[in-house]
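Okay, here's what each chain looks like letter by letter:
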Amino acid sequence: MTADPDNATVTARDDLAPGLAIVRVAYKHDPVPDFIPGQFTTLALPDPTPPDPDKPSRRASRGPKLIRRAYSIASSPITKDHVEFFIVEVDDGKLTPSLFHLHPGDDLFMDPRMKGHFTLDGVPPGQTLVMVATGTGLAPYLSMYRTFKDQPPDQRPWKHLVLLHGSRLAQDLGYREELEAAAARDPHLTYLATTTREPDGSPWSGLRGRVTEHLQPDAFQQLTGLPLDPQTCHVFLCGNPAMIDQAEAELTPLGFSTKTPKNPTGNIHFERYW
């Protein structure tokens with residue numbers, strides 16, 4: 001696969017709210033390589049900072065310096081003509097202010113190497129998977145669900161899937177229509193969306209509060225009809241590190257344990273976004 005700094009092109013973009021977009025990127029000359037749902041890849045653009053003339057560098061012979069950032073993949077590996085990303089603009093970020101203003105037809109670099117261990121590997125069959133996300137942390141779960149949704153229920157890597165997504169405002173709940181429609185069709189999927197700063201009196205009639213409030217055992221069972229039981233559940237956490245720390249601290253006394261190299265059978269999995 002080519003390794004030039006403009007090896008990919010933005011093919012589609014859907015702006016959901018100020019500073020929030022779904023972006024599709026395709027390689028110019030190659031199909032999307034195989035990857036495991038839940039993995040990420042790196043997007044990059046040339047560094048706009050001019051080189052320091054007083055500091056000679058050999059980089060010129062290697063091409064322009066790139067500003068890189070890892071993004072979780074929202075599309076399924078079954079899709080070979082593009083890779084989809086759920087992107088929030090970070091005003092003081094090194095890459096997203098430039099990346100966020102790309103439009104269809106604009107070029108960028110997309111690493112052909114997909115990486116990461118935030119996957120379903122090692123999860124025993126027949127479990128309830130509780131996937132908790134804040135903001136764009138929803139992306140890897142979309143890849144997982146889109147990959148297996150059309151398989152017969154007894155062949156999916158879960159018995160039941162609960163997607164719990166939190167954002168500040170209802171307009172920031174990306175993919176909500178897709179997931180609400182999927183949950184209406186699929187009795188093995190429960191989709192829960194919650195907001196923390198949605199104004200009173202707005203049209204939003206869904207849940208309010210932090211995702212961790214709805215991860216309390218009694219609240220969880222009332223919302224889903226399922227027990228939050230370490231014998232039958234694996235919990236995935238993705239997004240804000242503070243949410244991950246709080247959820248991990250509250251799940252551990254219930255009998256859950258974090259998956260680590262020393263504890264490969266743990267049933268808490270997480271990926272921090274910064």
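Residues numbered from 1 in each chain as written. Predicted model: local features only at pLDDT ≥ 70, side-chain atom pairs only at ≥ 80, totals over all residues. Heavy atoms only, no water.

A.B. asks: How would you summarise the pattern of salt bridges if you had to cite specific residues and measurements?
C.D. replies: With the rule as written, the count across this model stands at 13 salt bridges. Residues lysine 80 and aspartate 34 are paired through a salt bridge, measuring 2.7 Å at the closest nitrogen-oxygen approach. On the criterion of sequence distance, the pair formed by lysine 80 in the loop between strand E4 (66–72) and strand E5 (83–88) and aspartate 34 in the loop between strand E2 (20–27) and strand E3 (40–46) is long-range, its members being 46 residues apart. Residue classification places lysine 80 among the partly exposed positions, given a relative accessible area of 33%. Note on aspartate 34: relative accessible area 68%, which makes it exposed. In this structure, the salt-bridge partner of aspartate 150 is lysine 149, at a minimum N-O distance of 3.2 Å. (Salt bridge = Lys/Arg side-chain N within 4 Å of Asp/Glu carboxyl O. Helix = DSSP H or I, 4+ residues; strand = E, 2+ residues; numbered from the N terminus. Buried < 20%, exposed > 50% of the residue type's maximum accessible area, 1.4 Å probe, protein only.)

A.B. asks: Please provide a residue-by-residue account of unusual backbone geometry, values included.
C.D. replies: Even without being glycine, tyrosine 175 reaches a positive phi, approximately 70°. Along the chain, tyrosine 175 turns up in the loop between strand E8 (160–167) and helix H3 (176–185).

A.B. asks: Describe the packing of aromatic side chains, listing the residues and the values that go with them.
C.D. replies: On inspection of all chains with the given rule, the structure shows 6 aromatic pairs. When the centroid spacing of 6.3 Å and the interplanar angle of 75° are considered together, the rings of tyrosine 71 and phenylalanine 85 count as edge-to-face. Remark: phenylalanine 85 occurs in strand E5 and tyrosine 71 occurs in strand E4; sequence separation between them is 14 residues. You can call phenylalanine 85 buried: its relative accessible area is 0%. Within the aromatic cluster, the residues linked to one another by ring pairs are Phe118, Tyr141 and Phe236. Directly above the ring of phenylalanine 100 sits arginine 13, whose terminal nitrogen or CZ lies 4.7 Å from the centroid. (Phe/Tyr/Trp six-rings, centres within 6.5 Å; stacked < 30°, edge-to-face > 60°. Lys NZ or Arg CZ within 6 Å of the ring centre and 35° of its normal.)

A.B. asks: Let's hear about the pairing of strand E7 (residues 128–134): which residues, and what values?
C.D. replies: Counting buried positions over the 7 residues of E7 gives 6, a clear majority of the element. Each parallel crossover has a hand, and for E7 linked through helix H2 (residues 139–148) to E8 it is right-handed. In this structure, E7 lies alongside strand E11 (residues 233–239), joined through 6 bridges in parallel fashion. Across the sheet, the residue bridging to valine 130 is valine 235, located in E11. (Right-handed = clockwise from strand over helix to strand, strands pointing away. Pairing = 2+ DSSP bridges.)

A.B. asks: Break down the nonpolar core for me, citing the residues and quoting the values.
C.D. replies: The nonpolar side chains of a soluble globular protein tend to be buried, and buried together. Met131 and Tyr141 are the most contacted members of the largest nonpolar core, which totals 33 residues. When residues of this core are traced back to their parent elements, those giving at least two are E2, E7, H2, E8, H3, strand E9 (189–195) and E11. Looking at this core element by element, the count peaks at 6 residues for H2. Counting 23 residues, the second-largest nonpolar core is a separate cluster that includes Val10, Phe35, Ile73 and Ile87. (Core = buried A, V, L, I, M, F, W, Y, C linked by side-chain atoms within 4.5 Å.)

A.B. asks: Tell me about the environment of leucine 142, and please be specific about residues and values.
C.D. replies: Residue placement: leucine 142 occurs in helix H2. For leucine 142, a relative accessible area of 3% corresponds to the buried category. In the structure, leucine 142 is positioned 15 residues away from proline 157 in sequence and 14 Å away in space, judged by C-alpha atoms. If we skip the residues at most four places from it in the chain, leucine 142 touches Ala74, Tyr175, Glu178 and Leu179. (Contact = heavy atoms within 4.5 Å.)

A.B. asks: Residue-level account of the side chain of histidine 165, with values.
C.D. replies: With respect to the helices and strands, histidine 165 occurs in strand E8. Overall, the relative accessible area of 0% leaves histidine 165 in the buried class. Beyond its immediate sequence surroundings of up to four residues, histidine 165 is in contact with Ala133, Thr134, Gly135, Leu138, Asp172, Leu173, Gly174, Tyr191, Leu192, Ala193, Thr194 and Val211.

A.B. asks: Before we move on, can you summarise the side chain of histidine 234 with the specific residues and values?
C.D. replies: Residue position: histidine 234 is located in strand E11. When residues no more than four places from it in sequence are discounted, the contact partners of histidine 234 are Val123, Pro124, Gln127, Thr128, Leu129, Val130, Gly266, Asn267 and His269.

A.B. asks: Lay out the environment of threonine 42 in plain terms, naming residues and giving numbers.
C.D. replies: Of note, threonine 42 is situated in strand E3. Since its relative accessible area comes to 16%, threonine 42 is described here as buried. Distance from threonine 42 to lysine 28, taken between C-alpha atoms, is 16 Å for residues 14 residues apart in sequence. Apart from the residues within four sequence positions on either side, threonine 42 is in contact with Arg68, Arg69, Ala70, Phe109, Met110 and Asp111.

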